[in-house]
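Geometric and topological summary
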Amino acid sequence: MAPIRLGMVGGGNDAFIGGVHRIASRIDGRFELVAGALSSTAEKSKASGAALGLDADRCYGDFTEMAKREARLKNGVEAVAIVTPNHVHYPAAREFLKRGIHVICDKPLTSTLADAKKLVAAAEKSDAHFILTHNYTGYPMVRQARAMVAEGALGKIRVVQAEYPQDWLTTPLEDEGLKQAEWRTDPARSGAGGCVGDIGTHAYNLAGFVTGLKLDSLAADLTSFVEGRRLDDNVHVMLRYEGGAKGMLWSSQVAPGNENALKLRVYGEKGGLEWSQEDPNYLWFTPHGEPKRLLTRNGAGANDANLSTSRIPPGHPEGYLEGFANIYNEAADLIVAARDGAAPDHILPTVQDGLDGVTFIDACVRSSARNAAWIKV
């Protein structure tokens, strides 16, 4: 079957996440990048497109022009990846959704809760699929953990601990001209949440994906430790889930010695699980009263949820790019099925998961403004 024709909004020269999406889309050979509005100006977009080998007439100055023209072309894009700063997600996704073009969008869903609700409405009106790239949900051992919780291996969940510390914003890089730091610390482009929106949402989404728990209320303390920084760079959140489980979430971008230390610990009546993104091929499982067990990707004890998302033999590291590629591969399954009018079941993050994430950010900001008061979500 011919590869799915893919477009991209954002992700031009020197944009890290755009390159990640392009690699992930190609790993299984199911997408081909054919068009893009890759930068904020037509000149930059064409330069980025030329570097990627795109036809000049399919390198656009803005996403609206791209959506209109590609929708009219016989071989126009079937899906678009949106890899821009947060404030562009809603207007860009809306243009493609209303023309029946599938959307694969970076997180968080939008920069504001109002835009998130409007994007949900736009997705529900469209015949196209909307996939949110919470890429850590694509890791094989995360899939194994989710399946184990669902099968009751831990019993009723009692405690959830998620953390995501980094150190790259320990100094005011936004004042030194670093593009990635500039927009992430700018409320107009990032939204009301800084660290909580950029990486806190990953930790929050991962906890919900693995446990299946729904948040009831939270109390959050957001801090900007770097002087003059307009958005938070450290977050502490207490979580109360429906059904009685309790949670704690810490995310920080000012924690020296931490590069990308996303971790999840889940404890139930019958046992516990521990997973670390920096050591992603392993999952620790401890049945209560028994020795701790190390479960490995493709190793003894691997379940179908794990094996179905693993690509390479045991002992060979598999991680960030492959997990991202699993999201793209499963998105391709949905898009191919849509060609035939089918709608198969899937566990990919959707626009509703995106709304949940932006609701989480909004609640954290409101709670912190009220001295970490409990907020009903």
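Since this is a predicted model, take the numbers as computed values, not measurements.

**So, the state of the cysteines**
Under the criterion given, the structure shown has zero disulfides. We note that Cys195 lacks a disulfide partner, and the nearest cysteine sulfur, in Cys364, lies 10 Å from it.

**Points about the sheet that holds strand β6 (residues 157–165)**
Pairing is mixed across the open sheet formed by nine strands, whose spatial order is β13-β12-β11-β10-β6-β9-β8-β7-β14. One side of each edge strand has no neighbouring strand; the edge strands of this open sheet are β13 (293–296) and β14 (375–376). Sheet topology places strand β12 (residues 282–287) next to β13; four bridges connect them, and they run antiparallel. Residue pairing for β13: Tyr282 is matched across the bridge by Thr296. Where helix α6 (residues 140–150) meets the sheet, it contacts β6, β11 (271–276), β12 and β13, and its direction lies at approximately 25 degrees from that of β12. Lying over the sheet, helix α12 (residues 351–369) contacts β7 (215–223), β8 (234–241), β9 (246–252) and β14, oriented at roughly 60 degrees with respect to β7.

**Concerning the packing of aromatic side chains**
Applying the stated criterion across every chain yields a total of seven aromatic pairs. Clustering of aromatic rings is evident, with ring pairs tying together Tyr136, Tyr139, Tyr164, Trp275, Tyr320 and Phe324. The aromatic ring of Phe209 is capped on one face by Arg146, whose charged end is 4.4 Å from the ring centroid. Just above the ring of Trp284 sits the side chain of Lys292; from NZ or CZ to the centre is 5.1 Å.

**Here we look at the side chain of Ser217**
Along the polypeptide, Ser217 turns up in strand β7. Here Ser217 falls in the buried class, since its relative accessible area comes to 6%. Among the polar contacts made by the side chain of Ser217, one reaches the side chain of Asp216 at a distance of 3.1 Å.

**Here's the deal with the pattern of salt bridges**
The tally for this structure, following the rule as stated, stands at 22 salt bridges. Between Glu95 and Arg99 there is a salt bridge, with the nearest N and O atoms lying 2.9 Å from each other. The partner of Glu290 in a salt bridge is Arg293, and the shortest N-O contact between them spans 2.4 Å. Note on Arg293: relative accessible area 39%, which makes it partly exposed. Taken together, the salt bridges that share partners define one network made up of Arg94, Glu95, Lys98 and Arg99.

**Let's talk about helix α2 (residues 42–51)**
Three- or four-residue spacings in an α-helix give side chains the same orientation, since the helix completes a turn every 3.6 residues. Inspection of α2 places Ser45, Ser48 and Gly49 among the buried residues, and these make up the whole buried set. Buried positions in α2, seen along its axis, are confined to an arc of 100 degrees and lie on one side of it. Opposite the buried face of α2, by more than 90 degrees, sit the exposed residues Glu43, Ala50 and Ala51. Packed against the buried residues of α2 are β2 (31–37).

**Things to note about the packing of helix α9 (residues 195–211) against α12**
One way to put it is that α9 packs onto α12 with a least axis distance of 10 Å and a crossing angle of 120 degrees. As judged from the angle between their axes, α9 and α12 are oblique. The two elements α9 and α12 meet at a crossing, and its hand is right-handed. Contacts between α9 and α12 pair Val196, Gly197, Gly200, Thr201, Tyr204 and Asn205 from the former with Asp353, Asp356, Gly357, Phe360, Ile361 and Cys364 from the latter.

**Here we look at the sheet that holds strand β3 (residues 79–83)**
With respect to topology, five strands assemble into an open sheet ordered β2-β1-β3-β4-β5, the strand pairing being parallel. In this open sheet, the two edge strands, each paired with only one partner strand, are β2 and β5 (130–132). Neighbour to neighbour, the strand axes of the sheet diverge by 25 degrees on average, direction disregarded. Note: β3 against strand β4 (residues 102–105), four bridges, orientation parallel. Bridging across to β4, Ile82 finds its partner in Cys105.

**Regarding the packing of helix α1 (residues 16–26) against helix α11 (residues 320–339)**
Each pair of packed helices can be summarised by the angle the axes make with each other and by the distance between the axes. Between α1 and α11, the shortest axis-to-axis distance is 8 Å and the interhelical angle comes to 65 degrees. Classified by the angle their axes make, α1 and α11 are roughly perpendicular. For the pair α1 and α11, the crossing hand works out as right-handed. Counting all contacts with α1, which are made through Phe16, Ile17, Val20, His21, Ile23, Ala24 and Ser25, the residues of α11 involved are Tyr320, Leu321, Phe324, Ala325 and Tyr328. Looking at side-chain class alone, the contact of α1 with α11 contains ten nonpolar, two polar and no charged residues.

The rules behind each value
- Residues take numbers from 1 onward in each chain, read along the sequence in its written order.
- Local features in this predicted model are restricted to residues of pLDDT 70 or higher, and side-chain atom pairs are both shown and tallied only at a pLDDT of 80 or more, whereas totals for entire chains, interfaces and linings draw on every residue.
- Processing note: side-chain calculations cover all non-hydrogen atoms of the structure and skip hydrogens and water entirely.
- In this description, a disulfide is simply a cysteine sulfur pair whose atoms lie within 2.5 Å.
- Any two strands are treated as partners once DSSP identifies two or more bridges connecting them.
- Strands here mean DSSP runs of E at least two residues long; helices mean DSSP runs of H or I at least four residues long; both are numbered from the N terminus.
- We call two residues contacting when some pair of their heavy atoms lies within 4.5 Å.
- As a rule, the C-alpha atoms of each element are fitted with a line to give its axis, helices using only the stretch in contact, and angles between N-to-C directions run from 0 to 180 degrees.
- Pairs were defined over the aromatic rings of Phe, Tyr and Trp, the Trp ring being its six-membered one, requiring ring centres within 6.5 Å. Orientation was assigned from the angle between planes: stacked under 30 degrees, edge-to-face over 60, tilted for the rest.
- Sitting over a ring, as applied to charges here, requires NZ of Lys or CZ of Arg to be within 6 Å of the ring centre and within 35 degrees of the ring normal.
- Relative accessible area decides the class of each residue, using a 1.4 Å probe on protein chains only: under 20% of the type maximum gives buried, over 50% gives exposed, and in between gives partly exposed.
- A 3.5 Å cut-off defines polar contacts: any pair of N or O atoms within that distance qualifies, except that in protein one atom must be a possible hydrogen donor and the other a possible acceptor, and neighbouring residues in sequence count only when both atoms are side-chain atoms.
- By definition here, a salt bridge exists when the distance from a side-chain nitrogen of Lys or Arg to a carboxyl oxygen of Asp or Glu is within 4 Å.
- Working note: the arc is built from the helix axis to C-beta atom directions.
- Geometric relationships in this document are graded by angle, where less than 35 degrees denotes roughly parallel, more than 145 denotes roughly antiparallel, 65 to 115 denotes roughly perpendicular, and other angles denote oblique.
- A clockwise turn of the near helix away from the far one marks a right-handed crossing, whereas an anticlockwise turn of less than a right angle marks a left-handed crossing.
- Under the scheme applied here, ten amino acids are nonpolar (Ala, Val, Leu, Ile, Met, Phe, Trp, Tyr, Cys and Pro), four are charged (Asp, Glu, Lys and Arg), and all others, including Gly, are polar.

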